[in-house]
Amino acid sequence: MYSVFKLLIIVILFSIISIIESNLAILIFSLILLCLGIIFIKLTLKHYLYYKSISLFLTFYTIYFLYSYLIYKTYVFNPFSDYFLGIDSVKYFSFTNDLLNESKSIIDGFRLISNTFIYSDIKGYLYIHFPIGYFANLVDHNDYFIQQLFILFLASLVIVLLFNLFHNFLNVAQSHTLAIIYGLFGHIFVYSATLLRDLHISFLFILGFYIIFNKKTYYNLLYLCLINFIVFNFRVEHGIFFMCFVIYYFYLLIKSNQKLFKIFPVILSVFIFVMLLFLKEYFIQSINILTDTTSRYSSNAEELADPSGFGVLLLKLPPVIKEITRAGFSQILPFPSYSGINTSRGVQKYLAFPIIFSSLFWFTVWGYVIFGFKKGFLFRFINKDLIILFILSLFLIIGASSGSGDVRRLIAVYPIIFVVSGIVFYRISIKARYLIFYQMFIILSSLHLIYMLLKL
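Source: prediction; values computed, not measured.

Student: I tried to follow the overall build of the chain on my own but got confused; where do I start?
Tutor: The secondary structure content of the chain amounts to 22 helices and 0 strands. Expressed as a percentage of the 456 residues in the chain, the buried residues total 55%. At a minimum sequence separation of 6, the contacts of the chain that also span at least 24 residues come to 75%. Of the roughly 20700 Å² of accessible surface on the chain, 70% is carried by carbon and sulfur atoms.

See below:
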């Protein structure tokens, strides 16, 4: 009954916003995405967690909807020049609009996306957002907020998937609490209101994680391969790293069959060969894009590093040490915390304040992980497969930080790190939980104090 009442309130909210914006497409697409979310939960996730999952979805769909709309009305007056945090959102909206102007049909638009070089780096994004804009124009008209709806929809599903992922290791109440904490204080909150591809990738990654911890079947392996291909179309770097998760799942699948496991090296070689054969020139193109992108991000990092801050010092460190140190530094970003409200052009966006809390939250998350490592909790109480995924996630963080330690490019693997942290959290005493939180708060405050002294 409570969910029905919540659903009614949400529909009324959608209607009000649609009337204010004089755009019927907002109401139609909001309701379509709402129904798609419910169908996805019903068909994909654990049935005995259905009502909890629906409640989480409706709650965060509403929260992110309101926050995104507030951001839209406050900062995005002209989507061809205005943006919230990521300046790339201007490019994404402009590309989508160009396709809408040049295409006579959906098929025509898909052909342009496939054959136009400037779209090659973000094909996955355009394959989704071009049809959204196309049908929005048929119903009423396309705009920035309609494009944003799909992203906040994915952000809501990430929280639901995290809840279901947690339940593999913790009870329902603990899983539910941690999912809510991540949804409110994680970096995903502020990025739910940005017109970028990072939430698409985050959704695909956590969907992959959810599959990995379910029953090992060849069907699930095919699903993971399909997800991997889709991730490649969104961002090459993440596609390459996700392939590591697919290979590990393949290893687990073969391991359960003793006869096949004896010839695993041969089977693995054939599997990788088939994957590379399937990707063919696309894989080679991906490697080139990866190299160019990493170089560009690295160059940008050097240009944007604060001459009086820690960033420029890290860039001067020797190779290997520099990458590992920058990866560690990326885990306390934004640093200083209040710098999170600054855009890439130095304009302050005060409604980005949730990211300030995200900085403290994530620093604390690592506090529990480190405590678990020191006390041996990670090896005594953490599932071995989870440990492997945790290590692979660290490699992604280190690899991505070699080009740019920007948080939005790393949050795809944050759920795995948070799951490890959450398990440690519930394995220790209440006193230890508070003590770790206070210690991490004091350490982060001290780092801020040192930073401000260096700035003087």
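Student: How should the packing of aromatic side chains be read in this particular structure?
Tutor: How two aromatic rings sit relative to each other is set out by the distance from centre to centre and by the angle between their planes. Applying the stated criterion to the full structure yields 46 aromatic pairs. Note on Phe205 and Phe242: the rings are 5.1 Å apart at their centroids and 75 degrees apart in plane angle, and the pair reads as edge-to-face. Of this pair, Phe205 sits in helix 10 (residues 198-212) while Phe242 sits in helix 12 (residues 236-255), placing them 37 residues apart in sequence. Linked through ring pairs, Phe14, Phe57, Tyr61, Phe65, Tyr69, Tyr72, Phe80, Phe93, Tyr144, Phe145, Phe150 and Phe153 together constitute an aromatic cluster. Looking at Lys42, its charged tip hangs above the ring of Tyr50, at a distance of 4.9 Å from the centre.

Student: I'm lost on the nonpolar core in this one. Help?
Tutor: Soluble, globular proteins show a tendency: their nonpolar side chains are buried together. Phe205 and Tyr414 are the most contacted members of the largest nonpolar core, which totals 146 residues. When residues in this core are grouped by element, the largest group, 19 residues, is from helix 7 (residues 144-166). Those residues in contact with Tyr414, other than ones at most four positions away along the chain, are Tyr182, His187, Ser330, Gln331, Trp362, Ile397 and Val407.

Student: Looking at this structure, I do not really get unusual backbone geometry. What am I missing?
Tutor: Excluding glycine, residues mostly have negative phi values, and the peptide bonds linking residues are mostly trans. Geometrically, the link from Leu333 to Pro334 is a cis peptide bond, its omega value of 0 degrees lying close to zero. Inspection of the secondary structure assignment puts Pro334 in the loop between helix 17 (321-330) and helix 18 (354-374). Each neighbour pair has its own omega, and for Phe335 with Pro336 the value is -10 degrees, a cis peptide bond. Positive phi, normally seen in glycine, also occurs at Ser22, with a value near 50 degrees. Residue placement: Ser22 occurs in the loop between helix 1 (2-21) and helix 2 (24-44). Here Ser22 falls in the exposed class, since its relative accessible area comes to 56%.

Student: Would you take a moment to explain the environment of Lys215 for this structure?
Tutor: By the element assignment, Lys215 lies in the loop between helix 10 and helix 11 (218-234). With relative accessibility at 68%, the residue Lys215 sits in the exposed group. Sequence-distant contacts of Lys215, that is, excluding residues within four places in its chain, are made with Asn220 and Tyr249.

Student: Could you clarify how one ought to interpret the pattern of salt bridges in this entry?
Tutor: Note that side chains of opposite charge can pair when their charged atoms are close. Under the counting rule described, the total for this entry stands at 8 salt bridges. Here Asp198 and Arg235 are joined by a salt bridge, their closest N and O atoms 3.0 Å apart. In this pair, Asp198 is assigned in helix 10 and Arg235 in the loop between helix 11 and helix 12, connecting sequence segments 37 residues apart. Summarising the burial analysis for this pair, Asp198 and Arg235 share the class buried. Across the pair Arg408 and Asp406 runs a salt bridge whose closest N-O atoms are separated by 3.4 Å. Residue classification places Arg408 among the buried positions, given a relative accessible area of 7%. Overlapping salt bridges bring together Asp88, Asp198, Arg235, Asp406, Arg408 and Arg409 as one network.

Student: How do you make sense of helix 20 (residues 384-401) when you look at a structure like this?
Tutor: Because an α-helix completes one turn every 3.6 residues, residues spaced three or four positions apart along the sequence face the same direction. Relative to the 26 Å expected for 18 residues at 1.5 Å per residue, helix 20 spans 26 Å between its end C-alpha atoms, a close match to the ideal helical length. Those residues of helix 20 that fall on the buried side of the exposure criterion are Asp385, Leu386, Ile387, Leu389, Phe390, Leu392, Ser393, Leu396, Ile397 and Ser401. A distance of 2.7 Å separates the backbone nitrogen of Asp385 from a side-chain oxygen at the start of helix 20, and that oxygen is part of Asn383.

Student: Please clarify how the packing of helix 7 against helix 8 (residues 172-185) should be interpreted in this entry.
Tutor: How two helices pack is summed up by the angle between their axes together with the distance between the axes. Look at helix 7 against helix 8: their axes get within 8 Å of each other, and the N-to-C directions meet at 145 degrees. The element helix 7 and its partner helix 8 pack so that their crossing is right-handed. Taking contact as the criterion, the partners of Ile159, Leu162, Phe163 and Phe166 in helix 7 are, on helix 8, Val172, Ser175, His176, Leu178, Ala179, Tyr182 and Gly183.

Student: I keep staring at the packing of helix 3 (residues 50-75) against helix 7 and nothing clicks. Help me out?
Tutor: With their axes 8 Å apart at the nearest point, helix 3 and helix 7 run at an angle of 145 degrees to one another. Both helix 3 and helix 7 take part in a crossing whose hand is right-handed. For the contact of helix 3 with helix 7, the per-class residue count stands at 18 nonpolar, 5 polar and 1 charged.

Student: What is the right way to look at the environment of Lys91 in this model?
Tutor: Secondary-structure assignment places Lys91 in helix 4 (residues 88-102). The exposure class of Lys91 is partly exposed, given its relative accessible area of 32%. Here the alpha-carbon distance between Lys91 and Leu196, two residues 105 residues apart in the chain, equals 9.5 Å.

Conventions we followed
Residues numbered from 1 in each chain as written. Predicted model: local features only at pLDDT ≥ 70, side-chain atom pairs only at ≥ 80, totals over all residues. Heavy atoms only, no water. Helix = DSSP H or I, 4+ residues; strand = E, 2+ residues; numbered from the N terminus. Buried < 20%, exposed > 50% of the residue type's maximum accessible area, 1.4 Å probe, protein only. Contact = heavy atoms within 4.5 Å. Areas by Shrake-Rupley, 256 points an atom, 1.4 Å probe, with all protein chains shown as cover. Phe/Tyr/Trp six-rings, centres within 6.5 Å; stacked < 30°, edge-to-face > 60°. Lys NZ or Arg CZ within 6 Å of the ring centre and 35° of its normal. Core = buried A, V, L, I, M, F, W, Y, C linked by side-chain atoms within 4.5 Å. Salt bridge = Lys/Arg side-chain N within 4 Å of Asp/Glu carboxyl O. Expected span 1.5 Å × (residues − 1). Polar contact = N/O pair within 3.5 Å; in protein donor to acceptor, adjacent residues only side chain to side chain. Axes fitted to C-alpha atoms, helices over the stretch in contact; angles between N-to-C directions. Left-handed = near helix turned anticlockwise from the far one by under 90°. Nonpolar A, V, L, I, M, F, W, Y, C, P; charged D, E, K, R; others polar.

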